[in-house]
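Structure at a glance
Chain residues, written in single-letter form:
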Amino acid sequence: MAHLYKKLKKGHEYFYIRETQRVYGKPTTINQVYLGTADKVEAALGKGGFSPKEFGSVFALNELDREVDLAGMINEILPPKKRVRGPSLGELVFYAALNRAIAPTSKRQLANWYETTDIQRIRPLRLESLNSQNFWNHWDRISDTDLEKIKTTFFKKIHGLLPDQKHRLIIEATDISAPPKPSVFAGMPQPDQDFLAEHLAQQKIGLALITEWSHGIPLYYQSFSGGVPIAGFYDHLEHLLSKVSNLGVAIEDVTLLVNQDMDAGPIIEQIDAKEGMHFIVSYAPDFAPELTEISLKDFRPLPGNRGAQLSPVAKEDEKILFYETHATFWNQPRRVVITFDPKSFHKSYQDLGKKVQRVRKEILALAQRQAQEANQANAIESIKTHLSQLCQRLKISPDLFQLNFVTEKGQFRLEFQLDHRQMAGVVRHFGKNILITDREDWAVEDIYDTCVTRAVLGPEMGDAKSAANNRPYGNAKDNRSLFQKALLPLYHWTDSKIRVHLFVCVAALNYLTLLSQRLTAAGINMTPSEAMEELRELRTAIYAKDPEGKLKRVLEEVNGPQAAILKTLGYVVEEGKVAAL
């Protein structure tokens with residue numbers, strides 16, 4: 001409860017609002033707000049609420065957990081030690097998952113974030129126990145065998161919450177690496193930076209994820225030390241499907257999303273021979289340049305469908321376009337869909353323009369400094385070398401630029417210009433993506449939708465080149481961005497911590513996609529991102545709520561979407577509090 005608390009300092013009275021609650025059976029101050037002198041308190045009490053705290057997001061996901069009981073299932077596998085006070089291992093995993101689903105932070109910042117929420121009225125704890133060392137001490141208890149037991153129990157419970165039906169499954173795989181903080185490179189010579197970046201890039205972990213098609217709810221995942229195995233990945237695919245089947249999942253069909261970093265040929269050869277197995281391969285335009293030569297005049301607007309947020313109110317010049325054809329790949333005729341995203345095109349074009357201006361500025365400045373060098377041959381070679389290195393860092397081709405050195409009165413002058421033919425070839429690829437599939441039974445919007453709103457992993461989680469060149473998604477809010485927001489940055493550097501972190505992030509995605517499924521079943525067309533945006537704005541604050549001026553923490557005004565979300569969870573708001581229907 002909230003109350004006014006008076007302190008005397010040097011004979012003067014100062015007032016605070018204190019909130020207390022029993023935590024682990026003991027009365028505890030969970031929040032304190034400084035108000036000032038008596039005059040300031042009297043003036044402030046009529047102005048509205050004090051100390052607003054985020055409520056809706058934490059409440060909604062905690063309600064979903066009542067059916068999952070993540071903490072309980074982990075504590076059953078790894079029971080708390082008798083002398084340990086504070087949150088158990090299972091509770092720490094849940095608190096981490098809740099944070100990753102809403103507003104991901106490092107473990108050092110976790111307690112500070114929870115202090116901005118109303119977690120104490122929902123799931124009380126001592127916030128000081130949410131320190132990074134406490135997490136590491138508990139997480140070190142989880143062995144590979146224990147984690148496998150936790151995963152099996154968790155996903156079996158998740159499947160039990162889904163409708164009893166056959167499921168279309170999506171399987172994805174990608175490599176994840178923990179990028180170094182910018183401060184790591186501070187003051188380091190470029191060769192050392194390149195060496196360290198290459199060394200860290202080798203410390204990859206692979207992730208394969210199975211989700212159900214309709215809402216992208218994860219049904220299982222597997223991690224791989226050193227990255228996704230290129231050779232023999234199909235064997236791992238069969239292992240994953242057997243795991244899912246053993247959980248009681250009835251499988252209708254399976255679609256594997258293949259990215260350009262995977263060795264597609266052997267995988268597709270085995271998929272072709274397996275009934276019920278399909279694929280969609282996503283490639284950058286340079287995989288089949290002849291397909292990108294097709295004029296945009298022959299493209300059509302991509303139709304929307306029931307599930308995808310494909311910019312239904314987009315302007316005419318912002319709509320995603322597509323062209324459909326057939327071509328021979330991997331020894332068979334395949335269905336090919338080429339997509340064009342105008343927003344992606346304009347962003348890429350603007351980024352290229354900025355890079356060109358940077359190259360022009362640096363090279364001309366360098367040429368001006370080098371013009372009077374005695375050894376002009378060395379000076380010219382130095383400029384060419386600098387151009388090559390600069391383009392490599394900016395990830396553009398040096399062939400875009402033409403350098404012509406003209407000698408006048410013993411000095412050279414640089415004539416710098418763009419190669420417009422090369423530039424046109426690069427720009428022609430912007431905004432385009434090539435999707436190759438054997439799914440003749442799906443509408444083109446379902447193929448695109450599967451690579452956008454249904455997919456979870458993506459090229460941004462791999463190397464920078466893939467991220468820049470292979471973007472099959474457009475202007476949509478999707479599960480990919482949700483998961484990557486939860487997963488990255490990792491804030492972890494050892495395999496033992498990363499494998500637990502992966503489970504935490506997949507669990508976070510489960511809570512968000514389960515919420516989305518509940519909303520859809522209730523006829524509410526809202527993505528997980530949109531639902532979280534609404535719920536995060538649903539806050540509590542301290543108000544003087546009666547004639548005697550007693551202080552109470554109550555919900556602030558609830559809008560229509562927030563009330564609708566709470567209703568799907570079985571609650572309404574009455575007198576500033578949530579009440580069961």
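Residues numbered from 1 in each chain as written. Predicted model: local features only at pLDDT ≥ 70, side-chain atom pairs only at ≥ 80, totals over all residues. Heavy atoms only, no water.

A count of helical and extended segments in the protein gives 21 helices and 19 strands. Classification of the 581 residues of the protein by burial places 49% in the buried group. The long-range share in the protein, meaning contacts at least 24 apart out of those at least 6 apart in sequence, stands at 66%. Looking at the protein as shown, the accessible area adds up to about 28,500 Å², and 49% of this sits on carbon and sulfur atoms. (Helix = DSSP H or I, 4+ residues; strand = E, 2+ residues; numbered from the N terminus. Buried < 20%, exposed > 50% of the residue type's maximum accessible area, 1.4 Å probe, protein only. Contact = heavy atoms within 4.5 Å. Areas by Shrake-Rupley, 256 points an atom, 1.4 Å probe, with all protein chains shown as cover.)

What the rule picks out here adds up to 18 salt bridges. Here Glu-293 makes a salt bridge to Arg-428, at a shortest N to O gap of 3.6 Å. Of this pair, Glu-293 sits in the loop between helix 12 (289–292) and strand 10 (300–301) while Arg-428 sits in the loop between helix 15 (420–427) and strand 15 (432–437), placing them 135 residues apart in sequence. (Salt bridge = Lys/Arg side-chain N within 4 Å of Asp/Glu carboxyl O.)

Time to look at the nonpolar core. Judged by nonpolar contacts, the single largest core of 143 residues is most densely connected at Leu-70 and Phe-401. Of all the elements, helix 19 (residues 495–521) adds the most residues to this core, at 15 residues. Beyond its immediate stretch of four places on either side in the chain, Leu-70 contacts Asp-65, Val-93, Phe-94, Ala-97, Phe-154, Phe-503 and Tyr-511. The next biggest cluster of nonpolar side chains, apart from the first, holds 16 residues, and it includes Leu-257, Leu-435, Trp-442 and Cys-451. (Core = buried A, V, L, I, M, F, W, Y, C linked by side-chain atoms within 4.5 Å.)

Positionally, Gly-431 belongs in the loop between helix 15 and strand 15. Once residues within four sequence positions are removed from consideration, Gly-431 is found in contact with Thr-339, Phe-340, Asp-341, Ser-344 and Phe-345.

This part takes up the packing of helix 2 (residues 56–68) against helix 20 (residues 528–536). Remark: helix 2 packs on helix 20, axes separated minimally by 7 Å, with the N-to-C direction vectors making an angle of 125°. When the axis of helix 2 is compared with that of helix 20, the two are oblique. Together, Gly-56, Ser-57, Ala-60 and Leu-61 of helix 2 and Met-532, Leu-535 and Arg-536 of helix 20 make up the contact between the two elements. When the residues that make up the contact of helix 2 with helix 20 are grouped by side-chain class, the tally is four nonpolar, two polar and one charged. (Axes fitted to C-alpha atoms, helices over the stretch in contact; angles between N-to-C directions. Parallel < 35°, antiparallel > 145°, perpendicular 65-115°, else oblique. Nonpolar A, V, L, I, M, F, W, Y, C, P; charged D, E, K, R; others polar.)

An α-helical turn contains 3.6 residues, so any two residues separated by three or four positions project in the same direction. Between its terminal C-alpha atoms helix 2 stretches 19 Å, which fits the 18 Å expected from 13 residues at 1.5 Å a residue. For helix 2, a buried count of 11 out of 13 residues is recorded, marking the element as mostly surrounded by other parts of the structure. For helix 2, the set of buried residues is Gly-56, Ser-57, Val-58, Phe-59, Ala-60, Leu-61, Asn-62, Glu-63, Leu-64, Asp-65 and Val-68. A positive phi of about 55° marks Asp-69, the residue just after helix 2. (Expected span 1.5 Å × (residues − 1).)

A word on the pairing of strand 15. Of all six residues in strand 15, six are buried; the element is thus mostly enclosed. Neither face of strand 15 is exposed, since Lys-432, Ile-434 and Ile-436 on one face and Asn-433, Leu-435 and Thr-437 on the opposite face are all buried. Pairing of strand 12 (residues 332–340) with strand 15, which is carried by six bridges, proceeds in the antiparallel orientation. Its bridge partner lying in strand 15, Val-336 is registered against Ile-436. (Pairing = 2+ DSSP bridges.)

Within the fold, His-167 resides in strand 5 (residues 167–177). Here Gln-165 takes part through its backbone oxygen, which lies 3.4 Å from a polar atom of the side chain of His-167. Beyond its immediate stretch of four places on either side in the chain, His-167 contacts His-159, Leu-162, Glu-212, Val-249, Ala-250, Ile-251, Glu-252 and Asp-253. (Polar contact = N/O pair within 3.5 Å; in protein donor to acceptor, adjacent residues only side chain to side chain.)

Look at Trp-330: it is not a glycine, yet its phi comes out positive at around 55°. Note that Trp-330 resides in the loop between strand 11 (321–329) and strand 12. Its identity is not glycine, yet Asn-331 carries a phi of approximately 70°, on the positive side.

Another aspect to go through is the confidence of the model for the protein. Detailed reading of predicted coordinates is not advised where the pLDDT is low. On average, residues of the protein score 82 in pLDDT, and 79% of them are at 70 or above. For residues 305–313, every residue scores under 50 in pLDDT, and the model assigns this stretch 20 contacts once sequence neighbours within four places are set aside. Residue range residues 460–477 is modelled with pLDDT below 50. Its contacts to residues more than four positions away, or to other chains, number 61 contacts. (pLDDT = per-residue confidence, 0-100.)

For the rest of this paragraph, the subject is helix 14 (residues 376–394). Over its 19 residues, helix 14 runs 27 Å from end to end, which matches the ideal 27 Å to within 8%, given 1.5 Å per residue. If you check the start of helix 14, you find a side-chain oxygen 3.4 Å away from the backbone N of Ala-377, and it comes from Asn-375. Count one or two residues on from helix 14 and you reach Lys-395, which has phi positive near 60°.

This part is about the packing of aromatic side chains. Scanning all chains against the criterion turns up 23 aromatic pairs. Ring geometry for Phe-55 and Phe-59: centres 5.2 Å apart, planes at 15°, overall stacked. Here Phe-55 and Phe-59 have matching classes, each one buried. With 5.7 Å between their ring centres and 50° between their planes, Phe-340 and Phe-345 make a pair best called tilted. By relative accessible area, which is 8% here, Phe-340 ends up buried. With relative accessibility at 18%, the residue Phe-345 sits in the buried group. Within the aromatic cluster, the residues linked to one another by ring pairs are Phe-94, Tyr-95, Trp-113, Tyr-114 and Tyr-511. (Phe/Tyr/Trp six-rings, centres within 6.5 Å; stacked < 30°, edge-to-face > 60°.)

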